[in-house]
2 protein chains.
Amino acid sequence: MALKKKPVTGMKDMLPAEMEIRDYVIGLIKDTYKTFGFSSMETPCVEHIENLCSKQGGDNEKLIFKILKRGEKLKIDTAKEELDLVDGGLRYDLTVPLARYYANHANELPSPFKAMQIGNVWRADRPQRGRFRQFMQCDIDILGEAGNLAEIELILATTAMLGKLDFHNFTVCINDRNILKAMASYSGFKEEDYDEVFIILDKMDKIGADGVKAELQEMGYSAENVDTYLGLFDEISGDVEGIRFCKEKLAGHLDVEIADSMEMIISSVESAKEAEFKVKFDPTLVRGQSYYTGTIFEVVMDEFGGSVAGGGRYDKMIGKFTGQDTPACGFSIGFERIVMLLLENGYEVPTRREKKAYLLEKNMHKEGILKVLAMAKADREAGKQVLIANMKKNKKFQKEQLNADGYLDIVDCYRDSVGEL
Amino acid sequence: MALKKKPVTGMKDMLPAEMEIRDYVIGLIKDTYKTFGFSSMETPCVEHIENLCSKQGGDNEKLIFKILKRGEKLKIDTAKEELDLVDGGLRYDLTVPLARYYANHANELPSPFKAMQIGNVWRADRPQRGRFRQFMQCDIDILGEAGNLAEIELILATTAMLGKLDFHNFTVCINDRNILKAMASYSGFKEEDYDEVFIILDKMDKIGADGVKAELQEMGYSAENVDTYLGLFDEISGDVEGIRFCKEKLAGHLDVEIADSMEMIISSVESAKEAEFKVKFDPTLVRGQSYYTGTIFEVVMDEFGGSVAGGGRYDKMIGKFTGQDTPACGFSIGFERIVMLLLENGYEVPTRREKKAYLLEKNMHKEGILKVLAMAKADREAGKQVLIANMKKNKKFQKEQLNADGYLDIVDCYRDSVGEL
């Protein structure tokens with residue numbers, strides 16, 4: 001079989017310039033989340049196929065990279081379908097593995113458990129610009145905390161991190177699955193139709209209110225219900241007034257505590273935020289994953305034209321592993337989008353070390369090399385980044401390349417002169 | 001299908017205590033290697049099956065986790081063997097992907113290219129204590145540097161890093177494939193038998209010289225050849241004298257430059273090393289991978305009773321991708337072994353942030369929460385790690401747990417007293 005030079009379809013080799021930013025952002029994320037009391041944790045990249053195909057991942061379950069059984073367990077002759085051939089798959093998110101992890105280790109973990117995960121996930125999506133089949137996710141989750149302190153801290157931590165990367169022009173949009181449901185209920189939709197209605201509502205930012213109205217009517221929903229529904233969105237403002245309006249208007253359909261809690265989250269975040277950004281109540285926010293049970297949120301960045309982070313409450317997932325529900329809420333950053341934005345903005349990683357290069361004449365004698373090694377050691381001990389390289393025939397070009405790579409202090413070391421350095 | 005709580009066989013969930021050490025060690029490795037001028041880079045975890053099964057990985061190729069084809073490309077009905085079903089696999093090391101990466105990107109990379117890779121690799125090995133099917137490797141490689149400056153810098157960087165983790169009681173063992181061959185040639189073995197002879201020689205540290213002698217004779221090699229061979233090992237000392245002895249004794253079988261270069265490597269490392277350790281010429285060092293072409297080295301740690309890092313020169317691998325050989329040399333740390341040793345030694349990660357916790361009385365009013373959030377914000381800005389949690393019924397137990405987790409400064413926040421805090 002011939003060797004292949006390109007990476008596998010849809011996955012990406014990371015060049016040093018991008019890696020410098022990635023490493024920096026990962027360090028900053030870990031450091032910021034730590035100050036909020038989140039602890040690093042990790043699960044294997046390979047997950048049981050049963051856990052990945054448990055209907056919690058929605059469409060992502062269609063995109064799993066599946067792993068072939070090994071040894072005697074693999075029976076190619078009698079295999080009828082994919083699941084006969086595989087026993088594992090690459091995780092498509094960090095949330096399902098986190099639920100398994102918590103179910104497995106709850107006794108060894110603090111309660112509530114504030115988890116921070118940074119790791120790759122894989123989806124066999126159709127390759128397209130800026131979307132890759134292996135990409136990094138950075139999640140924080142609070143497990144075992146039923147109150148909205150979880151939401152408040154997740155939003156404060158995520159936005160503090162974005163602020164440290166010099167992002168300010170962004171909006172945190174918040175909604176609650178229960179408000180979505182109450183609005184649908186108030187408008188006369190039947191409970192079994194909610195999911196379908198929400199899928200159409202989710203297109204609001206793309207097709208507008210008229211588009212949503214048209215699609216709902218096409219699906220056969222009564223004009224009266226659709227008009228009532230869309231009328232609500234006109235009346236609801238994107239601030240705490242909007243929430244208070246919902247609380248009053250949707251009385252009988254919406255639990256009062258839900259509205260009060262939403263108001264509390266928004267005003268707490270407004271009051272304690274570490275970065276400059278807007279918080280907005282967005283009753284059109286849906287979020288795809290079916291596992292959300294309460295609050296949902298997203299970070300929208302104007303310069304990106306879309307969401308760069310998202311999350312919400314999923315109080316029923318851990319119970320699927322343990323038989324006992326555990327409150328859970330998480331926020332996930334679109335790491336690849338953040339890095340893409342930083343690269344596009346020409347972001348410069350701060351506080352680099354001073355860089356120094358020694359160029360050795362061809363066939364430098366032993367004494368010369370020992371001398372240079374000793375000088376390099378002293379430079380490194382003084383905190384410098386030091387490169388030792390053999391001098392090339394085209395030294396001018398070599399130095400230009402080194403300059404471009406940040407090595408401004410370049411020492412030429414010749415056999416005859418090295419003693420004087 | 002029932003959900004599973006345990007991780008997949010042979011792979012491991014990482015608990016926060018271990019993750020703290022892992023994160024710290026990764027940070028230290030990146031920082032140290034950077035001062036030696038290595039640049040971060042990354043390849044996807046999934047690699048073309050053709051590249052993984054190219055007979056460069058030796059026995060590791062039997063242990064590949066293979067990835068099922070997707071969509072129309074998967075034809076279960078007509079599949080006869082594994083390779084009909086798969087198109088990718090999880091990488092079993094970082095070296096083969098690095099060679100592909102360099103072949104793909106050489107024009108965009110500096111020359112020589114000093115690469116640093118930290119990433120997971122996967123091998124479907126028989127599960128056993130301390131060995132996992134997903135494990136992290138940390139490699140540095142210098143590509144495009146034919147001279148022994150590569151070996152010297154790789155050894156200096158790796159040992160500097162081990163020194164910063166307070167490891168000192170270790171030995172760097174060095175040999176050269178060409179010395180191995182010259183010794184076998186001198187002793188009268190035929191070239192086609194070298195590999196078999198080296199596999200037996202590799203057991204020297206386990207079965208001793210008598211065991212090696214017995215096995216070689218069992219394989220049918222002449223007593224004369226075997227005696228000459230083992231006699232050499234008796235005479236060769238583990239220092240530069242040993243190398244000089246080889247240079248003289250193996251004249252006609254060993255290129256003089258190989259011996260001179262080995263001597264140069266050992267004396268340079270001795271002279272410029274940043275940590276306390278021993279360097280030893282070890283003519284019995286073999287190293288399994290078939291891709292090594294020159295120098296080979298290993299770090300042996302007494303307290304571990306085995307190798308914690310290994311590497312060598314592999315000048316022929318990149319040529320398999322490009323058709324043109326490129327000098328290459330690398331050193332890989334057994335990250336999992338290092339972490340295991342640190343955990344066993346009760347290693348404490350230095351320079352932690354001061355930790356402070358606020359405990360909120362049940363149903364704390366909004367004003368109280370806002371006050372606590374403001375105080376926490378100020379603490380974080382002052383560099384502290386701050387946890388906000390709801391007070392539990394058994395507050396004494398809660399505080400004991402927080403203390404154990406390093407939160408020594410704990411503030412009780414009651415509805416009535418929060419204004420006075």
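All of these numbers come straight from a predicted model, not from anything done at the bench. (Residues numbered from 1 in each chain as written. Chains lettered and ligands numbered in written order. Predicted model: local features only at pLDDT ≥ 70, side-chain atom pairs only at ≥ 80, totals over all residues. Heavy atoms only, no water.)

Moving on to the pairing of strand β10 (residues 306-313) of chain B. Residue and element names in this part refer to chain B. Of all the 8 residues making up β10, 7 are buried; the element is thus mostly covered by neighbouring parts of the structure. With 6 bridges connecting them, strand β9 (residues 295-301) and β10 associate as antiparallel partners. Bridged to Ile-296 within β10 is Gly-312. Hairpin remark: β9 followed by β10, antiparallel, with 4 residues in the connecting loop; positive phi at Gly-305, about 70°. As paired strands, β10 and strand β11 (residues 328-333) are joined by 5 bridges and run antiparallel to one another. (Buried < 20%, exposed > 50% of the residue type's maximum accessible area, 1.4 Å probe, protein only. Helix = DSSP H or I, 4+ residues; strand = E, 2+ residues; numbered from the N terminus. Pairing = 2+ DSSP bridges.)

Let us now look at the UniProt feature "domain: Aminoacyl-transfer RNA synthetases class-II family profile" (unreviewed entry) in chain A. As recorded in UniProt, the feature "domain: Aminoacyl-transfer RNA synthetases class-II family profile" (unreviewed entry) lies at residues 10-350 of chain A. Counting secondary structure, residues 10-350 of chain A comes out at 42% helix and 19% strand; the distance between its end C-alpha atoms is 31 Å. (UniProt positions renumbered as here; feature names shortened; annotations may be inferred.)

All names here are of chain A. The end-to-end C-alpha separation of helix α8 (residues 204-218) is 16 Å, well short of the 21 Å expected for 15 residues at 1.5 Å each. The largest bend in α8 comes to about 75°, at Asp-210. By the burial criterion, the buried members of α8 are Met-204, Gly-211, Val-212 and Leu-216. In the core, the buried residues of α8 are packed alongside α7 (194-201) and α9 (223-235). Directly beyond the C-terminal end of α8, a positive phi value near 95° is found at Gly-220. (Expected span 1.5 Å × (residues − 1). Bend = angle between axes of the 7 residues up to and from the residue. Contact = heavy atoms within 4.5 Å.)

Let's shift gears to the relation of the copies chain A and chain B. Overlaying chain A with chain B gives an RMSD of 0.0 Å, the required rotation being 180° about an axis along which the chain moves by 0.0 Å. Taken together, these values place the two copies in the relation of a two-fold axis. No C-alpha of chain A approaches the rotation axis more nearly than that of Ile67(A), which lies at 2.3 Å. Comparing contact sets, 100% of the residues at the interface of chain A also lie at the interface in chain B, consistent with an isologous, same-surface contact. (Least-squares fit on C-alpha atoms with pLDDT ≥ 70 in both.)

Because each turn of an α-helix spans 3.6 residues, side chains separated by three or four positions end up pointing in the same direction. End to end, helix α14 (residues 366-381) of chain B covers 23 Å across 16 residues, agreeing with the expected 22 Å (1.5 Å per residue, within 8%). Within α14(B) the residues assigned to the buried category are Gly368(B), Ile369(B), Val372(B), Leu373(B), Met375(B), Ala376(B), Asp379(B) and Arg380(B). In a view along the axis of α14(B), the buried residues occupy a sector of 165°, so they form one face of it. Residues of α14(B) that are exposed and angled more than 90 degrees away from the buried face: Glu367(B) and Glu381(B). Against the buried residues of α14(B) lie α1 (16-35), α5 (149-164) and α11 (256-272) of chain A together with β12 (355-360), β13 (385-390) and β14 (409-413) of chain B. Downstream of α14(B) by a residue or two, Gly383(B) has a phi angle that is positive, lying close to 95°. (Arc of directions from axis to C-beta.)

Time to look at the pattern of salt bridges. Applying the stated rule across the entire model yields 60 salt bridges over all chains. Residues Asp412(B) and Lys399(B) are paired through a salt bridge, measuring 2.9 Å at the closest nitrogen-oxygen approach. Residue Asp412(B) is found in strand β14, and its partner Lys399(B) is found in helix α15 (residues 395-404); the two are separated by 13 residues along the sequence. Where salt bridges share partners, they join Lys12(A), Glu18(A), Arg22(A) and Glu336(A) into one cluster. (Salt bridge = Lys/Arg side-chain N within 4 Å of Asp/Glu carboxyl O.)

Attention now goes to unusual backbone geometry. Between Ser111(A) and the following residue, Pro112(A), the backbone shows a cis peptide bond with an omega angle of -5°. Within the fold, Pro112(A) resides in the loop between α4 (95-105) and β5 (113-122). Positive phi is not limited to glycine here, since Asp166(B) has a value of about 70°.

All right, on to the pairing of strand β14 (residues 409-413) of chain A then. As a general feature of sheets, a regular strand has side chains that alternate between the two faces. All names here are of chain A. Counting buried residues along β14, 4 of its 5 residues qualify, which places the element largely inside the surrounding structure. In terms of strand pairing, strand β12 (residues 355-360) meets β14 through 5 bridges, oriented parallel. Its bridge partner lying in β14, Leu-359 is registered against Asp-412.

The subject of this paragraph is the nonpolar core. Among soluble globular proteins, nonpolar side chains are generally buried collectively. With 253 residues, the main nonpolar core has Tyr229(A), Leu165(B) and Tyr229(B) as its most contacted residues. If we skip the residues at most four places from it in the chain, Tyr229(A) touches Met183(A), Ala184(A), Ser187(A), Phe189(A), Val197(A), Phe198(A), Leu201(A) and Leu216(A). Listed in part, the 18 residues of the second largest apolar core include Met11(A), Phe65(A), Ile67(A) and Ala124(B). (Core = buried A, V, L, I, M, F, W, Y, C linked by side-chain atoms within 4.5 Å.)

What follows is about the interface of chain A and chain B. Interface size is commonly expressed as the accessible area that is lost once the parts come together. With 99 residues of chain A in contact, the opposing surface of chain B contributes 99 residues. Note on chain A versus chain B: buried area summed over both sides is about 9,100 Å², and carbon and sulfur give 61% of it. If you sort the residues of chain A by the area they bury against chain B, Leu3(A), Lys5(A) and Glu42(A) come out on top, with a joint share of 7%. Across the chain A-chain B interface, the total number found is 10 salt bridges. When the shortest N-O distance is used, the salt bridge between Glu50(A) and Lys4(B) registers 3.3 Å. Viewed at the interface, chain B and chain A are joined by 44 residue pairs in polar contact (both at pLDDT 80 or more). The element best represented in the side of chain A that touches chain B is α1(A), accounting for 7 residues. Of the residues in the side of chain A that touches chain B, the class split is 48 nonpolar, 19 polar and 32 charged. (Buried area = accessible area lost by both parts, 1.4 Å probe. Polar contact = N/O pair within 3.5 Å; in protein donor to acceptor, adjacent residues only side chain to side chain. Nonpolar A, V, L, I, M, F, W, Y, C, P; charged D, E, K, R; others polar.)

This next bit is on the side chain of Glu145(B). Position of Glu145(B) among the secondary structure elements: in the loop between β6 (134-143) and α5 (149-164). Within the buried set, Glu145(B) has no salt-bridge partner at all; the shortest N-O distance to an opposite charge, 6.0 Å, is to Arg313(B). Looking at Glu145(B), its side chain comes within polar contact range of the side chain of Asn390(A), at 2.9 Å. A distance of 3.0 Å separates a polar side-chain atom of Glu145(B) from the backbone nitrogen of Gly147(B). (Lys, Arg positive; Asp, Glu negative; His and termini not counted.)

Judged by pairing direction, the sheet is mixed, and its 8 strands sit side by side in the order β1-β5-β6-β11-β10-β9-β7-β8 (chain B) without closing on themselves. One side of each edge strand has no neighbouring strand; the edge strands of this open sheet are β1 (39-40) and β8 (278-281) of chain B.

Each assigned domain of chain A is listed here: domain 1 (16-344) and domain 2 (355-420). Computed from C-alpha coordinates alone, the two centres of domain 1 of chain A and domain 2 of chain A are separated by 51 Å. (Domains from an automatic or database assignment.)

Residue and element names in this part refer to chain A. Here we have 3 strands laid out as an open sheet, ordered β13-β12-β14, and parallel in their pairing. Unpaired on one side and paired on the other, β13 (385-390) and β14 mark the two borders of the sheet. Neighbour-to-neighbour, the strand axes of this sheet turn through a mean angle of 20°, independent of strand direction. Bridge count for β12 against β13 is 6 bridges, and the pairing is parallel. By the bridge assignment for β13, Leu-360 is matched with Asn-390. (Axes fitted to C-alpha atoms, helices over the stretch in contact; angles between N-to-C directions.)

This part is about the state of the cysteines. All names here are of chain B. Counted under the stated rule, the structure contains 0 disulfides over all chains. With no disulfide of its own, Cys-138 has Cys-45 as its nearest cysteine by sulfur position, at a separation of 14 Å. Residue Cys-138 is classed as buried on the basis of its relative accessible area, which comes to 1%. (Disulfide = S-S within 2.5 Å.)

The next subject is the packing of helix α10 (residues 240-249) of chain B against helix α11 (residues 256-272) of chain B. Any two packed helices are characterised by how steeply their axes cross, that is the angle between the axes, and by the distance between the axes. Residues and elements named next belong to chain B. Where α10 contacts α11, the two axes come as close as 9 Å, and the packing angle between them is 175°. Taken together, the axis directions place α10 and α11 in an arrangement best described as roughly antiparallel. Residues Val-240, Ile-243, Arg-244 and Lys-247 of α10 form the contact with α11, whose own contacting residues are Val-256, Ala-259, Asp-260, Met-262, Glu-263 and Ile-266. Within the contact of α10 with α11, the residues separate by chemical class into 6 nonpolar, no polar and 4 charged. (Parallel < 35°, antiparallel > 145°, perpendicular 65-115°, else oblique.)

What follows is about the environment of Lys355(B). All names here are of chain B. With respect to the element layout, Lys-355 can be found in strand β12. Every residue in contact with Lys-355, bar those within four places of it in the chain, is listed here: Gln-385, Asp-405, Gly-406, Tyr-407, Leu-408 and Asp-409. Polar contacts involving the side chain of Lys-355 include one to the main-chain carbonyl oxygen of Asp-405, which spans 2.8 Å.

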